[in-house]
Every structure is written in C-alpha cells, then in structure tokens.
Amino acid sequence: MIFKAVGDGRPYPEHGLTPRDWAKIPPRQVRLDQLVSTKRELDLQSLLAKDSTFYGDLFPHVVLWQGELYLEDGLHRALRAALHQRLVLHARVFDMDAGRPNG
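None of these values were measured; they are calculated from a predicted model.

Engineer: I'm lost on the packing of aromatic side chains in this one. Help?
Structural biologist: Enumeration according to the criterion identifies four aromatic pairs in this entry. Look at W65 and Y70: their rings are 6.5 Å apart centre to centre, the planes differ by 50°, and that puts the pair in the tilted class. Note on accessibility: W65 and Y70 belong to one class, buried. Clustering of aromatic rings is evident, with ring pairs tying together Y12, W65 and Y70.

Engineer: Looking at this structure, I do not really get the side chain of S37. What am I missing?
Structural biologist: By the element assignment, S37 lies in strand 3 (residues 35-37). A distance of 2.8 Å separates a polar side-chain atom of S37 from the backbone oxygen of K39. The contact partners of S37, leaving out residues within four places of it in the chain, are F3, A5, V6, G7, L71 and L75.

Engineer: What is the right way to look at the pattern of salt bridges in this model?
Structural biologist: Tallying each qualifying case throughout the model produces three salt bridges. A salt bridge links K4 to E68; the nearest nitrogen and oxygen atoms lie 3.0 Å apart. Taken together, the residues K4 in the segment before strand 1 (5-6) and E68 in strand 5 (residues 68-73) connect sequence positions 64 residues apart. Between E72 and R10 there is a salt bridge whose closest N-O contact spans 4.0 Å. Taken together, the residues E72 in strand 5 and R10 in the loop between strand 1 and helix 1 (19-23) connect sequence positions 62 residues apart. By relative accessible area, which is 7% here, E72 ends up buried. Taking the relative accessible area as the measure of exposure, R10 reaches 46% and is therefore partly exposed.

Reading the values: the criteria
- Residues numbered from 1 in each chain as written.
- Predicted model: local features only at pLDDT ≥ 70, side-chain atom pairs only at ≥ 80, totals over all residues.
- Heavy atoms only, no water.
- Phe/Tyr/Trp six-rings, centres within 6.5 Å; stacked < 30°, edge-to-face > 60°.
- Buried < 20%, exposed > 50% of the residue type's maximum accessible area, 1.4 Å probe, protein only.
- Helix = DSSP H or I, 4+ residues; strand = E, 2+ residues; numbered from the N terminus.
- Polar contact = N/O pair within 3.5 Å; in protein donor to acceptor, adjacent residues only side chain to side chain.
- Contact = heavy atoms within 4.5 Å.
- Salt bridge = Lys/Arg side-chain N within 4 Å of Asp/Glu carboxyl O.

Spelled out as structure tokens, the structure:
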C-alpha cells in the first residue's frame with residue numbers, strides 16, 4: 001500500500017492558507033505510508049507530465065489534523081515518488097491543531 005488510507009475529500013475544516021502562506025512553511029520529510037490522500041482519483045496526464053510542477057509549488061501540501069497527515073495537494077508528486085520506490089517525500093506540513101507550520 002502506498003498511502004495509509006485513501007479518503008474522499010478533506011475531513012478537516014477550511015484552513016484559509018494562500019499559496020504565499022504555504023510557501024513560508026519549510027519542507028520536511030514525510031513517509032508516504034503515513035499519508036491519507038484527500039483525492040480518490042488522479043489525472044494520469046498530470047502524473048506523466050514532465051512539467052507537472054512548473055506552475056505550482058514544488059512540494060506537496062500536507063495538513064496535520066487530529067493526529068493524521070492529510071495529503072491535500074501533490075498527489076501526482078507522491079505517486080511519482082512511490083513509482084521511483086521512494087518511501088519518503090519532502091512536503092510542506094501545516095499543523096492545523098496548533099494553527100502553525102510543523103517543521
């Protein structure tokens with residue numbers, strides 16, 4: 001199994017972070033098997049595109065809420081890491097319980 005679980009949507013309340021807010025959170029390593037995906041489906045074209053991160057953040061966005069790590073953005077990056085047999089991923093983690101970045 002790649003992820004801890006595959007969810008259907010975000011179970012946590014809206015956090016209100018902007019792309020600029022996310023960019024201020026330093027990336028850290030997160031194990032793929034500790035992540036709960038918030039998306040059930042992936043656009044295969046996004047996964048296979050060479051420039052898939054060209055217009056967005058280079059690091060996936062993860063929300064820590066009630067002790068669980070939810071992969072909010074960057075599913076294609078996480079799957080690409082898994083296809084390369086990597087167990088960890090560098091991601092920006094927002095600790096929603098504490099209301100601050102978790103680095």
